[in-house]
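# A look at the structure
The residues making up each chain are set out below.
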Amino acid sequence: GLIDLGNINPESTNLYLYLSADDKKALVVRKGTSKNKSILLSIDLTNNTKTEILSSQNFSSANFFDATGSKIIASLNDSTSPKLLILNASTGATEKTYNIDDAAKDIDVTKNFDKAVIAYSKKYANSAGLYDKTQDKVTRLDLAGSLLFDVDDVIIRNSFNLKGSR
């Protein structure tokens with residue numbers, strides 16, 4: 001059946017769709033603009049229900065943070081205090097909050113969902129953040145200005161450390 005997504009223009013260039021690894025949940029993300037507020041919808045495809053999350057917040061990126069789609073990792077771009085959040089996809093409740101060094105442009109997660117790479121967008125645009133679920137912390141990785149990389153390039157490696165030896 002059809003699921004009413006509300007007031008979302010499907011032709012929006014700020015609209016992103018993610019599917020959980022088990023194909024049972026979808027995440028609809030609309031990044032906020034000066035004209036439109038941010039929208040984050042978690043959709044359970046087994047029963048066609050949706051949960052609206054963070055609709056009043058200015059978030060810039062989100063992604064599933066486990067294989068079943070029960071956890072979401074999202075970034076809030078508050079100009080004075082950007083944050084990384086771990087959310088419950090069914091209830092929308094914030095389970096963990098981390099202060100991050102800069103506004104996030106994008107978040108991508110490793111295949112086994114134990115780390116997330118955060119691409120910063122302003123002050124630390126030449127840096128990335130690494131959220132490690134096991135260590136329960138976010139670390140900023142400062143990159144040389146001449147070094148260009150793609151977050152997907154880091155994720156493909158599936159295993160890496162802060163010293164770059166893996």
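Our subject is the structure that appears above.
The model shown is predicted, which means the values in this text are computed figures rather than measured ones.

About the criteria used
- Residues numbered from 1 in each chain as written.
- Predicted model: local features only at pLDDT ≥ 70, side-chain atom pairs only at ≥ 80, totals over all residues.
- Heavy atoms only, no water.
- Helix = DSSP H or I, 4+ residues; strand = E, 2+ residues; numbered from the N terminus.
- Buried < 20%, exposed > 50% of the residue type's maximum accessible area, 1.4 Å probe, protein only.
- Pairing = 2+ DSSP bridges.
- Axes fitted to C-alpha atoms, helices over the stretch in contact; angles between N-to-C directions.
- Salt bridge = Lys/Arg side-chain N within 4 Å of Asp/Glu carboxyl O.
- Phe/Tyr/Trp six-rings, centres within 6.5 Å; stacked < 30°, edge-to-face > 60°.
- Lys NZ or Arg CZ within 6 Å of the ring centre and 35° of its normal.

Leave glycine aside and you will find that most residues have negative phi; peptide bonds, for their part, are mostly trans. Its identity is not glycine, yet Phe-113 carries a phi of approximately 60 degrees, on the positive side. In this fold, Phe-113 is placed in the loop between β9 (104-109) and β10 (115-120). Taking the relative accessible area as the measure of exposure, Phe-113 reaches 15% and is therefore buried. One non-glycine residue, Asp-136, lies in positive phi territory at about 55 degrees. Looking at where Asp-136 falls in the secondary structure, it is placed in the loop between β11 (127-132) and β12 (137-142).

Pairing in this open sheet of four strands is antiparallel, and the strands run β1-β2-β3-β4 from one edge to the other. Either end of the sheet is taken by a strand with one partner, and the two such strands are β1 (15-19) and β4 (49-53). The sheet shows a mean angle of 20 degrees between the axes of neighbouring strands, taken without regard to direction. As defined by bridge partners, β1 adjoins strand β2 (residues 25-30) across five bridges and the pair is classed as antiparallel. Along β2, the bridge assignment pairs Leu-15 with Arg-30.

This paragraph deals with the sheet that holds strand β6 (residues 71-76). Ordered in space as β5-β6-β7-β8, the four strands form an open sheet in which the pairing is antiparallel. Edge positions in the open sheet fall to β5 (59-64) and β8 (94-99), since each of these has one partner strand only. Between one strand axis and the next, the sheet turns through 20 degrees on average, direction left out of account. As paired strands, strand β7 (residues 83-88) and β8 are joined by five bridges and run antiparallel to one another. In the strand pairing of β8, Leu-84 is matched with Tyr-98.

Turning next to the pattern of salt bridges. Within the structure shown, the criterion is met by six salt bridges. For Lys-115, the salt bridge identified is with Asp-114, shortest N-O distance 3.5 Å. The salt bridge involving Asp-142 is made with Arg-140; its shortest N-O contact spans 2.8 Å. One connected set of salt bridges, linked through shared partners, spans Asp-101, Arg-140 and Asp-142.

Glancing now at the packing of aromatic side chains. Both the distance between ring centres and the angle between the ring planes are used here to describe each pair of aromatic rings. Overall, the coordinates contain two aromatic pairs when judged by the stated rule. Taken together, a centroid distance of 5.6 Å and an interplanar angle of 50 degrees make the contact between Phe-65 and Tyr-131 tilted. Of this pair, Phe-65 sits in the loop between β5 and β6 while Tyr-131 sits in strand β11; the two residues are 66 residues apart in sequence, bridging distant segments of the chain. Tyr-131 gets classed as buried once you look at its relative accessible area, which sits at 1%. Relative to Tyr-131, the ring of Tyr-98 has its centre 5.0 Å away and its plane inclined at 55 degrees; by these criteria the two rings are tilted. Within this pair, whereas Tyr-98 is found in strand β8, its partner Tyr-131 is found in strand β11, the two being separated by 33 residues in sequence. A single burial state applies to Tyr-98 and to Tyr-131, both of which are buried. These aromatic residues form a ring-pair network of at least three members: Phe-65, Tyr-98 and Tyr-131. We note Lys-133 situated over the ring of Phe-65; from NZ or CZ to the ring centre the distance is 4.6 Å. Over the ring of Tyr-124 we find Arg-140; its NZ or CZ atom is 3.9 Å from the centre of that ring.

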